[in-house]
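Remarks on the overall topology
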Amino acid sequence: MPISNLLNIKNTRKLPDEHGHFGIYGGIFVAETLMQPLKELQIAYEESLTDSDFLAELNHDLHYFVGRPSPLYHAKRWSQQLGGAKIYLKREDLNHTGAHKINNAVGQALLAKRMGKTRLIAETGAGQHGVATATVAARFGMKCTVYMGSEDIKRQSINVYRMRLLGAEVRAVESGSKTLKDALNEAMRDWVANVDDTFYIIGTVAGPHPYPAMVRDFQAVIGRETRQQTKVLAGHLPNVLIACVGGGSNAIGLFYPFLDNTDITMYGVEAAGEGLKTGRHAAPLNAGKPGILHGNRTYLMTDDDGQIIETHSISAGLDYPGVGPEHAWLKDTGRVEYVAVTDDEALTAFHDLTRIEGIMPALESSHALAYCKKIAPNLDKKQIIVVNLSGRGDKDIHTVANLEGITI
Amino acid sequence: MSRLRNCFKKLKNRTALIPFITAGDPTPELTVPLMHALVEAGANIIELGIPFSDPMADGPVIQRASERALGQGMTLVKVLQMVKEFRIKDNDTPVVLMGYLNPIEIMGYKKFAQEAENAEVDGILRVDFPPEEITTESRTFIRANAMSPIFLLSPTTTPERIKYICSKANGYVYYVAVKGVTGSADLDIDSLTDKMAEIRKYTKLPIGVGFGIKDAKSAAKVAKVSDAVIVGSALVGLIETTPQEQLLEKMPAFLKEIRLAMDS
């Protein structure tokens with residue numbers, strides 16, 4: 001139900017409302033046991049935002065531990081080859097642990113510490129959020145359990161071992177489709193049973209309120225830095241922003257500080273898998289409908305009976321049947337355009353960037369790059385595109401090798 | 001008078017026994033016969049689970065029941081047909097549907113309310129649907145059709161919320177006795193007694209207690225302090241481990257044992 005042309009940007013920036021709604025999306029759809037813990041989290045989070053000590057500690061860790069600010073890199077050779085707009089890459093892959101996920105993990109771990117929690121739990125798909133959570137757990141001396149679908153454990157064995165080296169327990173999830181959505185179910189079940197000492201670090205802008213807003217706020221550092229960096233490097237703000245969207249945390253992190261700049265075009269790129277028409281994809285914004293999953297109302301991959309459909313993507317981090325509720329709202333209002341690219345297109349972009357720029361992107365980020373490749377040639381050379389390079393591709397080399405029939 | 005109100009009125013001081021089974025488990029053909037057998041064994045109300053692909057508040061036992069049911073093509077439409085079929089022989093026993101919101105959301109609140117009324121469903125418990133999220137739309141439909149919205153209370157629910165939730169509930173309120181998913185831990189009877197007293201300050205509705213009731217012994221203890229005892233995972237676990245041809249004997253026998261312990 002599009003609410004096109006009604007978008008009031010000022011109003012957008014005030015969302016969500018106090019119950020976590022972005023228009024009809026978001027909210028708190030959880031079992032009763034979690035209502036009070038979520039309320040406590042919301043209060044602690046809101047207080048932390050105005051606590052200068054908390055913010056100082058967060059900024060300190062983002063700088064010295066994560067390595068921020070991440071560079072904005074002009075991909076000159078790739079831009080020239082495509083023959084259009086100037087392409088800049090926001091190098092979240094250069095963060096400690098190799099992806100944007102650490103921005104949020106540090107923020108939530110500091111919040112957990114502030115709330116007196118001693119144990120962190122997380123769900124993970126590609127393993128990047130699990131690694132980020134295991135990392136901050138080690139950093140702050142907390143216990144850590146990470147839930148991961150057994151299918152994902154197979155395709156992301158390096159990250160599984162990294163988590164174990166960091167001292168985290170990785171629990172394989174065998175239920176349902178054995179991927180990210182099932183890991184999220186299992187982490188929720190753990191949280192319900194252990195709410196007293198446990199803090200659940202959700203890795204994306206989904207879940208019940210306040211997670212979508214909180215994760216967005218911790219990731220918005222990406223967009224804030226990009227604003228400053230494009231001004232310095234190019235003398236003006238970018239014309240186009242592109243980011244991949246699974247749950248959508250790297251995308252909202254880049255987009256959010258630019259939402260008021262209505263002349264900037266934004267593309268969220270979903271995983272079209274083997275093609276939207278085949279049904280084997282993970283593109284709820286392009287091919288799903290609104291429903292309720294994991295604590296919020298959003299676009300979902302659901303059948304006519306309301307059962308969640310199994311998704312498919314070459315990239316474990318995008319293999320999720322839902323999407324953050326703010327993206328659902330931004331789609332309906334028309335502020336962000338959501339598109340999709342296939343496994344093959346993403347894989348080609350993976351190779352392109354690796355060979356042309358010497359940067360091996362994560363398969364997730366390769367989706368954003370693939371869309372950039374489509375539109376850059378049609379844009380004027382003065383135009384600037386910023387692509388969020390949300391993570392590094394080392395974790396994906398087994399997947400890529402397998403697809404090419406190579407055993408490492 | 002609604003079936004639910006009537007049921008509690010007839011029971012007077014006896015505690016209601018509410019078995020939970022997942023519709024379509026172990027097979028769609030066995031669900032309605034099982035419902036009748038449970039009533040015969042002493043069930044006063046039946047909670048019928050709507051299978052869902054992502055049962056976030058359920059432990060492994062009920063998760064697997066959902067998977068078995070969905071694997072045999074169960075849908076919400078078929079669950080409603082089962083209630084209709086049950087009503088052919090039983091017009092007295094209240095049936096409460098329990099499940100997650102998405103199947104209802106996708107069917108549409110208006111259509112669901114109409115279909116559930118046609119099937120003579122007495123109550124609806126949506127696990128992931130706290131009363132705060134009830135839109136004006138869905139509330140209108142449910143109220144118009146006299147189907148009781150049943151809500152959960154939990155050990156973490158604050159007094160203010162107990163008051164608020166009870167003001168929105170009808171039929172009975174369902175107290176989740178343990179922090180955890182279905183079928184996880186044993187409940188603590190002392191804290192339960194205190195909690196019942198606290199809840200009674202805010203409502204005259206009957207209070208059902210579920211989660212953590214595993215056998216006749218624990219059911220008997222809970223029956224002393226509550227108005228209804230809900231047995232879910234223990235029963236569903238029995239469905240899982242019993243050969244299908246023995247189910248219509250073993251399930252009622254298990255429930256009878258519980259009923260007996262509760263009444264003694």
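Check the entry above for the structure.
Here we take up the nonpolar core. In globular proteins that are soluble, nonpolar side chains generally tend to be buried together. All names here are of chain B. Counting 103 residues, the largest nonpolar core has L97 and F112 as its most contacted members. For this core, the leading source of residues is helix 12 (residues 247-263), giving seven residues. Sequence-distant contacts of L97, defined by excluding residues within four places in its chain, comprise L48, I50, V79, L80, V83, F112, V121, G123, I124 and L125.

The next subject is the packing of helix 11 (residues 233-241) of chain B against helix 12 of chain B. Residues and elements named next belong to chain B. For the pair helix 11 and helix 12, the least separation of the axes is 10 Å and the interaxial angle reads 155°. Judged by the inter-axis angle, helix 11 sits roughly antiparallel to helix 12. Once helix 11 is placed against helix 12, the crossing between them reads as right-handed. Note on element contacts: helix 12 touches helix 11 through L247, K250, M251, F254 and L255, opposite A234, L235, L238 and I239.

We describe a pair of aromatic rings using the distance from one ring centre to the other and the angle between the two ring planes. What the rule picks out here adds up to eleven aromatic pairs over all chains. Between W191(A) and Y211(A), the ring centres sit 6.4 Å apart and the planes meet at 80°, which makes this aromatic pair edge-to-face. Of this pair, W191(A) sits in helix 9 (residues 180-193) while Y211(A) sits in helix 10 (residues 211-219), and the two are 20 residues apart along the sequence. There is no split in this pair, since W191(A) and Y211(A) are both buried. Grouped by ring-pair contacts, the aromatic residues F29(A), Y109(B) and F129(B) constitute a single cluster. In this arrangement the basic side chain of R91(A) is found over the ring face of Y73(A), its NZ or CZ atom lying 5.7 Å from the centre. Sitting above the plane of the Y299(A) ring, K331(A) keeps its charged end 5.5 Å from the centroid.

Time to look at the interface of chain A and chain B. With 40 residues of chain A at the interface, the matching set in chain B holds 39 residues. With both chains or domains summed, chain A and chain B bury close to 2,900 Å², and 52% of this area falls on carbon and sulfur atoms. It is E32(A), R189(A) and D305(A) that lose the most area in chain A upon contact with chain B, and together they represent 23% of the buried surface on that side. A salt bridge links D196(A) to K179(B), with the shortest nitrogen-to-oxygen separation between them at 2.9 Å. Counting across the chain A and chain B interface gives 20 residue pairs in polar contact (both at pLDDT 80 or more). Residue assignment for the side of chain A that touches chain B shows that the elements contributing at least two residues are strand 2 (25-29), helix 2 (35-49), helix 9, strand 11 (289-293) and strand 12 (295-300) of chain A.

The next point concerns helix 3 (residues 60-71) of chain B. Spanning twelve residues, helix 3 of chain B covers 16 Å between terminal C-alpha atoms, matching the ideal 16 Å at 1.5 Å per step. Among the residues of helix 3 of chain B, I62(B), Q63(B), A65(B), S66(B) and A69(B) are the ones counted as buried. Axial view of helix 3 of chain B: buried residues confined to an arc of 160°, hence all on one face. Along helix 3 of chain B, exposed side chains directed more than 90 degrees from the buried face belong to P60(B) and G71(B). Buried residues along helix 3 of chain B sit against helix 9 of chain A together with strand 1 (16-22) and helix 11 of chain B. G73(B), located one to two residues past helix 3 of chain B, shows a positive phi value of around 80°.

Here the focus is the pairing of strand 2 of chain A. Residue and element names in this part refer to chain A. In terms of burial, strand 2 is largely enclosed, as five of its five residues are buried. One ladder, built from two bridges, connects strand 1 (residues 21-22) with strand 2; its direction is antiparallel. Looking at strand 2, one finds that H21 is bridged to G26. Hairpin connection, strand 1 to strand 2: the antiparallel pair is bridged by two residues, and G23 has positive phi, about 60°. Where strand 2 lies against strand 12, two bridges are found, and the strand directions are antiparallel. Each bridged residue has a counterpart across the sheet, and for F29 the counterpart in strand 12 is G295.

Each value, and the rule that gives it
- Residues numbered from 1 in each chain as written.
- Chains lettered and ligands numbered in written order.
- Predicted model: local features only at pLDDT ≥ 70, side-chain atom pairs only at ≥ 80, totals over all residues.
- Heavy atoms only, no water.
- Core = buried A, V, L, I, M, F, W, Y, C linked by side-chain atoms within 4.5 Å.
- Buried < 20%, exposed > 50% of the residue type's maximum accessible area, 1.4 Å probe, protein only.
- Helix = DSSP H or I, 4+ residues; strand = E, 2+ residues; numbered from the N terminus.
- Contact = heavy atoms within 4.5 Å.
- Axes fitted to C-alpha atoms, helices over the stretch in contact; angles between N-to-C directions.
- Parallel < 35°, antiparallel > 145°, perpendicular 65-115°, else oblique.
- Left-handed = near helix turned anticlockwise from the far one by under 90°.
- Phe/Tyr/Trp six-rings, centres within 6.5 Å; stacked < 30°, edge-to-face > 60°.
- Lys NZ or Arg CZ within 6 Å of the ring centre and 35° of its normal.
- Buried area = accessible area lost by both parts, 1.4 Å probe.
- Salt bridge = Lys/Arg side-chain N within 4 Å of Asp/Glu carboxyl O.
- Polar contact = N/O pair within 3.5 Å; in protein donor to acceptor, adjacent residues only side chain to side chain.
- Expected span 1.5 Å × (residues − 1).
- Arc of directions from axis to C-beta.
- Pairing = 2+ DSSP bridges.

Such coordinate-based values are descriptive only and should not be taken to indicate function.
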